[in-house]
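A look at the structure
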Amino acid sequence: MITQKLSPDGAPAIYVDTPPGQLCLTFLQPDIVRVRLAGGNFSPRRSWAVPPPDHAFSGTDWEVFSDPSTLRVAAASGGLTANLDPATGRLSFTDGQKRNFCSDAEPPKADSSGVQCVKEVADSEHFYGFGERTGIQLERSGRWMHNWTTDPAQMHSTGVDPMYKAIPVYLAVRPGGPAYGLYFNNTWRSSFDLRMPGQLMYLAEAGELDYYLVYGPTPSEVTEKFAALLGHMPLPPRWSLGYHQSRWSYTPDQEVRRIAAELRRRKLPCDVLHLDIDYMDGYRVFTWDKERFPNPARLAADLRAQGFRLVSIIDPGVKSDPDYAVYRSGLEQDYFIRDASRQVVHRYVWPDDSVFPDFSRPEVRAWWGELQRTLTDTGIAGIWNDMNEPVVFSLPFSQGGGSVGSLPVDCPQGPPDERTTHAEVHNLYGSGMAQASYEGLLKLRPEDRPFNLCRSGFAGIQRWTASWMGDNASSWEHLEMSLPQLMNMGLSGTPFVGVDIGGFTDHATPELFARWIEAGILYPFCRGHSAIGTIQQQPWDFGEQVEAIARKYLELRYRLLPYLYTLFYQAHTTGQPILRPLLYHFPDDPAVFHLHDQAMLGPSLMAAPIVQPGRHARSVYLPAGVWYDYWTSERLEGASTILAPAPLDHLPLYVRAGAALPLGPLMAYTDEKPLDPLTLEVYPGNGQFDFYEDDGHSFAYQDGEFTVTQLAVSLEGGRLVVSVGPRQGRYQPDPRRIIVRVHGGGSQPPVEETFEDTGAFRRLYFDL
Ligand code: MIG
């Protein structure tokens, strides 16, 4: 009944025969367990989304205990215990402190009719993550969430589900209990159902019941372990952390130049301009419209001289046109998806009659990646991948188009040894395209960190791309839902995310735009974008007052870049989100479980944007500890709720005691000038921050060309001690002064000390 042998992935595993089928338990490490149940044999196929095979993890020793009702498998050294009822197949888990979690409420099921697993929901257990969802709630109880990548006709409206991305990953948190995470390793159409009180059910239409259970016990440990499973995001180029200005479409080239000139003339910091679909020749991907963009290389070079990079959009649909080289080459090599009767599938998208590459095949990805050469040779800095759910229209564009569907689920797809149908890999289409694009850029420009942006994707999409949440509208509700949406993406393992600032469809009002840019500078991916046919939505299109507000907040974003870049580095190395719900840092405080409209940017900054019209003040919850108002340096005591004044130009922003925030000088774009002076904004308390720097664009950091400066703040007697450095690492920043500025001395203005940064250790004392 119980056997111990290697899993299909080559790791020692425990097999148990139960009434629903054979169960396979693999301890990848003492606190990560993979659970599989198959009606018949286990598939030998590797997970589509988890890069390391089971045997690549450290593993653990375990002991098996069995009594008449329960079979217990206990990992060594205080790891998890799996408790199995062999009579039913029900499974539960216990941690080293004997706390029970993730218990089956019913026997699991995996047979020809599909997969089902029902977990008990413990008292006051809260659920987060689940990838991209709509609605203003942060917590997902009561929701029925589908995993099937879709361009939803109703866009972000509340209740719309599924969305562009399918990320079957969640985090469960309860006061006093262990936080744990779960990745449901099934790419077929699936769902999570949290509508029934007391239970969480997951269903999939086919495949195995296969999940990875990730133990915390804190939310940050869960996200770090998710990254070990599903992958880390690469460190992006620093310029991609700047502001991106986009519209469908800036065309012709003169319009792109005009936008660039306005941004510089009006001193609105910006690094990136996006080219939407109208730069192409008849929507043929990897081509240029000769009339509208007669000399794109010149355009890119001129803009580069002004500190701008260009990102251009690419859709997966390839125009079916015998005179078009991309179509011919894909057809000759049989790279396009065929239907069940072996005919190449044709559907309408922007270029009308189009065909679709099968990105689940490595050779197709390599071909596609190389096609980007036409763009990189022109000086395009990054690629924006759209429409890759994939979505298709019911009619030719000329007859109205309309996003209505996707490809037939019975199309054969995949590499020869992993042949399957679209039904199994539909959810992976966007990820495959992102992978093709990222790996292609890496080959084309091996010295530069790629920048990619992508709309669809599956769990693990962070390995290849930043993501935006698709088509929102210029509405207050969509502004309000942006923070919970992005914070849940971060908890799903995807840190580099944003939504269109100002809203994509419909027209923003000046007030909405002002509030949106205040919130938007917190988004890890910070881009203004708007649809064709809407009013112009550049910051200056809303009048002087709003333009000044946009300038103030873009300047704040740019001054924060040294801090922000360190957060990106941490996300890259550890998988921690950049934008975090408060529960990430305060998981034992029930007051934050539903707090959807406040967010932490890294460990030290907490923002409470205004996301509703007509507000001039709002309540702000400060968790336990001491906080400082970023604007006034006023000292505030948590746990408390305060009323924060918030006139139109004001983003309520707070700093945690003990913080030392590294801030740079004002810049028009991220690499305009050296980081001089570097200002350390210090807030009395006890804390530490490892400030990370490197050249911002190459891979030299992987060979040790980076530096970390430890910033430590402590209260000793009546004094505040601030230590800086020593700088550790080979990377040499440009010569600079460091200003240490201590806030929070009651009504006193901040106290400053300035010194030349020699890289040597410094300790400074401030009387409070
Ligand atoms: O069918 O390329 O979400 O950002 O501007 C619309 C035009 C296609 C959808 C994207 C949007 C982009 C637009 N695209």
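My aim in this report is to walk through the structure given alongside it, one point at a time. (Residues numbered from 1 in each chain as written. Predicted model: local features only at pLDDT ≥ 70, side-chain atom pairs only at ≥ 80, totals over all residues. Heavy atoms only, no water.)

1. Let's talk about the packing of aromatic side chains
Summed over the entire model, instances satisfying the criterion amount to 47 aromatic pairs. When the centroid spacing of 5.2 Å and the interplanar angle of 90 degrees are considered together, the rings of tryptophan 350 and phenylalanine 393 count as edge-to-face. On the criterion of sequence distance, the pair formed by tryptophan 350 in the loop between strand E24 (347–349) and strand E25 (352–355) and phenylalanine 393 in strand E27 (residues 392–393) is long-range, its members being 43 residues apart. Residue classification places tryptophan 350 among the buried positions, given a relative accessible area of 13%. Ring centres of tyrosine 553 and tryptophan 631 lie 6.0 Å apart, and the angle between their planes is 75 degrees; this geometry places the pair in the edge-to-face category. Taken together, the positions of tyrosine 553 in helix H11 (residues 544–559) and tryptophan 631 in the loop between strand E40 (617–629) and strand E41 (635–645) put the pair 78 residues apart, joining distant regions of the chain. An aromatic cluster is built from Phe93, Phe101, Phe127, Phe130, Tyr170, Tyr180, Phe184, Phe192, Tyr202, Tyr211 and Tyr215, whose rings are joined through pairwise contacts. Taking NZ or CZ as reference, arginine 195 lies 3.9 Å from the ring centre of tryptophan 144, over its face. Just above the ring of tyrosine 565 sits the side chain of arginine 238; from NZ or CZ to the centre is 5.1 Å. (Phe/Tyr/Trp six-rings, centres within 6.5 Å; stacked < 30°, edge-to-face > 60°. Helix = DSSP H or I, 4+ residues; strand = E, 2+ residues; numbered from the N terminus. Buried < 20%, exposed > 50% of the residue type's maximum accessible area, 1.4 Å probe, protein only. Lys NZ or Arg CZ within 6 Å of the ring centre and 35° of its normal.)

2. A look at a nonpolar patch on the surface
On the surface, a nonpolar cluster with roughly 250 Å² of combined accessible area is contributed by Met1, Ile2 and Val64. Since its relative accessible area comes to 33%, isoleucine 2 is described here as partly exposed. (Patch = residues over 30% accessible without salt bridge, like charges linked within 9 Å, V, L, I, M, F, W, Y side chains within 5 Å. Areas by Shrake-Rupley, 256 points an atom, 1.4 Å probe, with all protein chains shown as cover. Salt bridge = Lys/Arg side-chain N within 4 Å of Asp/Glu carboxyl O.)

3. A closer look at the site of the ligand
Close to the ligand lie 13 residues, the nearest being Asp276, Trp350, Asp386, Asp471 and His529. Between the ligand and the protein, one listed contact pairs an oxygen atom with a side-chain N or O atom of tryptophan 350 at 3.5 Å. For the ligand, an oxygen atom lies 2.9 Å from a polar atom in the side chain of arginine 455. Taken together, the residues that form the shell around the ligand break down as eight nonpolar, one polar and four charged. (Near = heavy atom within 4 Å. Polar contact = N/O pair within 3.5 Å; in protein donor to acceptor, adjacent residues only side chain to side chain. Nonpolar A, V, L, I, M, F, W, Y, C, P; charged D, E, K, R; others polar.)

4. Looking at the pattern of salt bridges
Following the criterion strictly, the structure yields 47 salt bridges and no others. In this structure, arginine 741 engages glutamate 681 in a salt bridge whose closest nitrogen and oxygen atoms are separated by 2.8 Å. With arginine 741 in strand E48 (residues 737–742) and glutamate 681 in strand E44 (residues 678–682), this residue pair connects regions lying 60 residues apart in the sequence. Looking at glutamate 681, the relative accessible area reads 3%, which means it is buried. Across the pair aspartate 757 and arginine 736 runs a salt bridge, and its minimum N-O distance is 2.8 Å. With aspartate 757 in the loop between strand E49 (751–756) and strand E50 (762–767) and arginine 736 in the loop between strand E47 (719–728) and E48, this residue pair connects regions lying 21 residues apart in the sequence. Residue classification places aspartate 757 among the buried residues on the basis of a relative accessible area of 15%. Assessed through its relative accessible area of 3%, arginine 736 is described here as buried. Through salt bridges with shared partners, a single ionic network connects Asp9, Arg34, Arg36, Arg46, Asp54, Glu208 and Asp210.

5. A word on the sheet that holds strand E19 (residues 209–215)
Taken in spatial order, the eight strands of this open sheet run E1-E2-E3-E4-E19-E16-E15-E12, and their pairing is antiparallel. Edge strands, defined here as strands with exactly one partner in the open sheet, are strand E1 (2–6) and strand E12 (126–129). Neighbouring strand axes in the sheet, compared pairwise and without regard to direction, differ in orientation by 25 degrees on average. The pairing of strand E2 (residues 12–18) with strand E3 (residues 21–29) spans five bridges and is classified as antiparallel. (Pairing = 2+ DSSP bridges. Axes fitted to C-alpha atoms, helices over the stretch in contact; angles between N-to-C directions.)

6. Looking at the environment of asparagine 385
For asparagine 385, the position within the fold is in strand E26 (residues 382–385). Separated by 352 residues in sequence, asparagine 385 and arginine 737 place their C-alpha atoms 41 Å apart. When sequence neighbours within four positions are dropped, the list of residues in contact with asparagine 385 reads Ile314, Met433, Ala434, Ser437, Asn452, Leu453, Cys454, Arg455 and Trp468. (Contact = heavy atoms within 4.5 Å.)

7. Let's talk about empty space enclosed by the protein
Under the counting rule described, the total for this entry stands at four cavities of 30 Å³ or more. What the largest cavity holds in volume is close to 100 Å³. Together, 13 residues line the largest cavity, and Pro234, Pro236, Thr465, Ala466 and Phe496 are the ones closest to its centre. Classifying every residue of the lining of the largest cavity by side-chain character gives 10 nonpolar, three polar and no charged. In this structure, the second largest cavity occupies an estimated 80 Å³ of space. As for the second largest cavity, its lining consists of 14 residues, of which Thr709, Val724, Arg727, Ile738 and Asp757 are closest to the centre. Listed by contribution, the elements that provide at least two residues to the lining of the second largest cavity are E44, strand E46 (706–716) and E47. Take the lining of the second largest cavity: its biggest share by element is three residues, from E47. Its residues placed into classes, the lining of the second largest cavity shows eight nonpolar, three polar and three charged. (1 Å grid on protein atoms, 1.4 Å probe; cavity = no way out; pocket = protein on both sides within 12 Å on 5 of 7 lines; lining within 4 Å. Points joined across faces, edges and corners; volume = space filled by probe spheres on them.)

8. Here's the deal with the side chain of serine 604
The topology assignment puts serine 604 in the loop between strand E38 (599–601) and strand E39 (605–607). Its relative accessible area of 9% is what places serine 604 among the buried residues. When residues no more than four places from it in sequence are discounted, the contact partners of serine 604 are Tyr563, Tyr654, Val655, Arg656, Ala659 and Leu661.

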